[in-house]
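Chain and residue survey
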Amino acid sequence: MNKTKVRKPNKKLTSEDIQDKFDEIARLQEQNAWEMKYLSQKMGYLNNRFGELAEHLVAPNIQEKFRVFGFAFDQMSQNHEITDAEANLVAEIDILLENGDTVMVVEVKAKPLQKDIDNHVKRMEILRRRADLKNDKRKYQGAIAGAIMSKPVRDAIHKTGFYAIEQTGDTVKINVPEGFRPREW
């Protein structure tokens, strides 16, 4: 039979040795926390850059894509900020399309999630309230664009009443299922 020998330490640890070990562990934890924060910032930066790339893929011919559905948007703006009377940011809009009848608010995400859909509904409600205060009677509709979009997310986008805009090669397509009725705010 193999008997495993247990080694006994050559010397007894003193309270000073134990304190040194605790100090080393604390230093390593602090270093680890700093590295995690640094990596998190870098990942956030990369995610933002990917989102910007997605925006640049969607914006160039988005007016033309909506024209197929009967929209003639004569104005387009990107990175549109809505502020309140005190200049506090109320909403950010990636792409805003407008004409005399309709305002289309497009949220662009690299990979949209359910929380993005929920946030866009809230954004639409804010915009409708602000429009009502200004006696703006135009219809407000929404769309969510994504470079990568799963079928469940696409279905949730449609169920909410938003147009789904998907990356297809070097352009985008607006995915509209049969019987789709866009929601108006």
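I will try to describe carefully the structure that is included in this document.

1. Description of the environment of K173
- Relative to the helices and strands, K173 resides in strand β6 (residues 171-175).
- Owing to a relative accessible area of 41%, K173 belongs among the partly exposed residues under this scheme.
- Placed 108 residues apart in sequence, K173 and K65 show a C-alpha to C-alpha distance of 7.0 Å.
- Leaving out residues up to four positions away in the same chain, K173 has contacts with A164, I165, E166 and T168.

2. Things to note about the sheet that holds strand β5 (residues 163-168)
- Pairing is mixed in the open sheet, where 6 strands are placed in the order β1-β2-β3-β4-β5-β6. Edge positions in the sheet fall to β1 (75-83) and β6, since each has one partner strand and no second. The mean inter-strand angle of the sheet, taken between neighbouring strand axes irrespective of direction, is 30°.
- Helix-sheet contacts for helix α4 (residues 151-160) involve β4 (139-146), β5 and β6, and the interaxial angle to β5 is about 150°.

3. So, α4
- Every buried residue of α4 is accounted for by V153, R154, A156, I157, H158 and T160.
- After α4 finishes, the residue G161 shows a positive phi value of roughly 100°.

Conventions and cut-offs
Residues numbered from 1 in each chain as written. Predicted model: local features only at pLDDT ≥ 70, side-chain atom pairs only at ≥ 80, totals over all residues. Heavy atoms only, no water. Helix = DSSP H or I, 4+ residues; strand = E, 2+ residues; numbered from the N terminus. Buried < 20%, exposed > 50% of the residue type's maximum accessible area, 1.4 Å probe, protein only. Contact = heavy atoms within 4.5 Å. Pairing = 2+ DSSP bridges. Axes fitted to C-alpha atoms, helices over the stretch in contact; angles between N-to-C directions.

Honestly, it's all geometry; don't read function into it.
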